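# Notes for the structure review
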Amino acid sequence: MKNLKMSIAAMLLLTLSFTNAQEKEKMNHDHSTMKMDHSKMMSMNNDAKAEAILNDYFNLKDALVADDTKKAAQEGSKLAASLKAFDASKYTAEEQKELADIIEDATEHAEHIAKSEMSHQREHFKTLSKDISDLIAITGTKSTLYEQFCPMYDGGSSWLSTSDQVRNPYYGSKMLKCGKVKKTIN
Amino acid sequence: MKIVKIIAVVLLVAFVGIQFVPTERNQSDVVPKTDFMLVNSVPDHIKSKLQTSCYDCHSNNTQYPWYNKVQPIAWFLEDHIKEGKAELNFNEWDSLSNRRKKSKLRSIIKQIENDEMPLDSYTLIHREASFSEAEKQELIQWVERLKDSI
């Protein structure tokens, strides 16, 4: 008798979990098709080399936030390398001209960051940030970015972040949370 | 005593020897149309300040001091001039895009503000090239205005 009860209970549980799993799968499926459509939409504007540049830029920003000169220098030279590897050939002639200009300027700043001390790195990071936002205005990006702004550094300075939480790369630990989100990109 | 003599002779020979190593001279009679002074309206006092304090290393024409002909000083100068021109060449100013110009002007302001330029090793000998506090402020303000006008 006890055995029968147990097996009925087990059967019930099994059926329940089975239906539940089926439903979940269906939901997952819906979700994944949605996601696919989404990424397909974005891929028209997706430039892997621009994403690589952005990625290095964010690593550099994080090193500045952490007051880590050595790391920032390393990230600076990585960024200079990915800037040089950028391929503008799929853009219009006018965009190519603008992109070449941006890349040349940004590369110089990245190279300086690679060989300077912290205060210099931050000076160059300011102009670099402007270059990078002009770059993604043309190339687009698949991630959501936040343009953040610190009114105190050098008469007001912006930077880009993947998070809406403010972590100030111009002051680091001295004024970590100084600033605000000025604009959301994507 | 003998050893000191030998060392002195060796050093002398080496010193004379390196005098024969040629160095590249940064000199030119032509001021290109792209020169900073030709494309911007620069007030006279700022013009002469830029000439004396910056142009030796940041243009195609250096006013060489006499000791430049003596090695190893000549090498040291050659290096500085090469590096200086790579960073910024006032003679080629107008070949830069607006973005690059702004970027360079911003760097000029920062370098002067932080007393990094002109280099100490330069002002040590060229006393007239150093900036007084008032000259610094005047130049920075003028460069700021130029930057904002681009």
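That block above? That's the structure.
Read on for an overview of the structure.

### Regarding the layout of surface pockets
- Empty space within the largest pocket amounts to approximately 1200 Å³.
- Around the largest pocket, the lining comprises 50 residues; the ones closest to its centre are H58(B), E87(B), Q111(B), M117(B) and L119(B).
- For the lining of the largest pocket, the elements supplying multiple residues, two or more each, are α4 (93-114) and α5 (118-139) of chain A together with α3 (44-53), α4 (55-58), α5 (73-87), α6 (98-113) and α7 (120-123) of chain B.
- Classifying every residue of the lining of the largest pocket by side-chain character gives 21 nonpolar, 17 polar and 12 charged.
- Estimated volume of the second largest pocket: approximately 460 Å³.
- Forming the boundary of the second largest pocket are 24 residues, of which K126(A), T127(A), K130(A), D131(A) and R106(B) lie nearest the centre.
- Those elements that place two or more of their residues in the lining of the second largest pocket are α5, β1 (145-150) and β2 (157-161) of chain A together with α6 and α8 (133-149) of chain B.
- For the lining of the second largest pocket, the leading source of residues is α5(A), giving seven residues.
- Here the residues of the lining of the second largest pocket sort into four nonpolar, eight polar and 12 charged.

### Quick word on the interface of chain A and chain B
- Across the contact, 16 residues belong to chain A and 12 residues belong to chain B.
- In total, about 1200 Å² of surface goes out of reach between chain A and chain B, with carbon and sulfur atoms giving 31% of it.
- The interface formed by chain A and chain B contains nine salt bridges.
- A salt bridge links R99(B) to D131(A), with the shortest nitrogen-to-oxygen separation between them at 2.7 Å.
- Applying the counting criterion to the chain A and chain B interface returns 14 residue pairs in polar contact (both at pLDDT 80 or more).
- With eight residues, the single largest contributor to the side of chain A that touches chain B is α4(A).
- Here the side of chain A that touches chain B is built from residues that sort into one nonpolar, five polar and 10 charged.

### Things to note about the environment of K147(B)
- One can find K147(B) in helix α8.
- Distance from K147(B) to R106(B), taken between C-alpha atoms, is 7.5 Å for residues 41 residues apart in sequence.

### Comments concerning a nonpolar patch on the surface
- Together, I3(B), V4(B), I7(B) and L11(B) give the surface a local cluster of nonpolar side chains, amounting to about 410 Å² of exposed area.
- Within the fold, V4(B) resides in helix α1 (residues 2-18).

### Comments concerning α5(A)
Residue and element names in this part refer to chain A.
- Between its first and last C-alpha atoms α5 spans 30 Å; for 22 residues at 1.5 Å apiece the expected length is 32 Å, and the two agree.
- At K126, α5 shows its largest kink, close to 25°.
- α5 sits mainly inside the fold: 17 of its 22 residues count as buried.
- Following α5 by one or two positions, G140 adopts a phi angle in the positive range, close to 75°.

### Focus: helix α2 (residues 48-65) of chain A
Residues and elements named next belong to chain A.
- When the terminal C-alpha atoms of α2 are compared, their 26 Å separation across 18 residues agrees well with the 26 Å that a helix rising 1.5 Å per residue should span.
- Within the sequence span of α2, burial applies to A50, E51, I53, L54, D56, Y57, F58, L60, K61, A63, L64 and V65.
- Looking one or two residues beyond α2, the residue adopting positive phi is D67, at roughly 55°.

### Thoughts on the state of the cysteines
- Tallied over the entire structure, the rule returns zero disulfides over all chains.
- Not part of a disulfide, C150(A) finds its nearest cysteine sulfur in C178(A), a span of 3.7 Å.
- Classification of C150(A) as buried rests on a relative accessible area of 0%.
- You can see C54(B) has no disulfide; the closest cysteine sulfur is in C57(B), sitting 9.5 Å from it.

### Notes on empty space enclosed by the protein
Residue and element names in this part refer to chain B.
- Counting across every chain of the model gives one cavity of 30 Å³ or more.
- By volume, the largest cavity is sized at about 40 Å³.
- Taken together, F36, L50, F90, L105, I108, L139 and V143 make up the full set of residues lining the largest cavity.
- Elements that contribute at least two residues to the lining of the largest cavity include exactly α6 and α8.
- Within the lining of the largest cavity, the residues separate by chemical class into seven nonpolar, no polar and no charged.

Rules behind the numbers
All residue numbers refer to positions counted from 1 along the written sequence of the respective chain. Throughout, the order in which chains and ligands are written sets their labels, letters from A for the former and numbers from 1 for the latter. Residues qualify for local features only when their pLDDT is at least 70, as the model is predicted, and side-chain atom pairs are given and counted only at 80 or more; totals for whole chains, interfaces and linings, by contrast, use all residues. Each side-chain value is worked out from all heavy atoms of the structure, with water and hydrogens disregarded. Both cavities and pockets are sets of points on a 1 Å grid over the protein atoms alone; in a cavity a 1.4 Å probe fits but cannot get out, in a pocket the set is open with protein on both sides within 12 Å along at least five of seven lines, and lining residues sit with an atom within 4 Å of a point. Grid points are joined across faces, edges and corners, and a volume is the space filled by probe spheres set on the points. Secondary structure elements follow DSSP: runs of H or I of four or more residues count as helices, runs of E of two or more count as strands, with numbering from the N terminus. Classification convention: Asp, Glu, Lys, Arg as charged; Ala, Val, Leu, Ile, Met, Phe, Trp, Tyr, Cys, Pro as nonpolar; all other residues, Gly among them, as polar. In what follows, a contact means two residues having at least one pair of non-hydrogen atoms within 4.5 Å. Defined here as a combined quantity, buried area equals the accessible surface (1.4 Å probe) lost by two parts on assembly, summed across both. Put simply, a salt bridge is a Lys or Arg side-chain nitrogen that is within 4 Å of an Asp or Glu carboxyl oxygen. Two N or O atoms count as a polar contact when they lie within 3.5 Å, although within protein this holds only if one can serve as hydrogen donor and the other as acceptor, and sequence-adjacent residues are included solely when both atoms are side-chain atoms. Exposure above 30% relative accessible area and the lack of any salt bridge qualify a residue for a patch; like charges then connect within 9 Å, and the nonpolar side chains Val, Leu, Ile, Met, Phe, Trp and Tyr within 5 Å. Here the accessible surface of atoms and residues is derived via Shrake-Rupley with a 1.4 Å probe, and residues count as covered only by protein chains that are part of the display. Take the residue count of a helix, subtract one, and multiply by 1.5 Å to get its expected span. In this analysis the local bend is the angle between axes fitted, respectively, to the seven residues ending at and the seven residues starting at the residue. Residue burial is assigned from relative accessible area. The probe radius is 1.4 Å, only protein chains are included, and a residue is buried under 20% of its type maximum, exposed over 50%, and partly exposed in between. The term disulfide is used for any two cysteine sulfur atoms that are within 2.5 Å.

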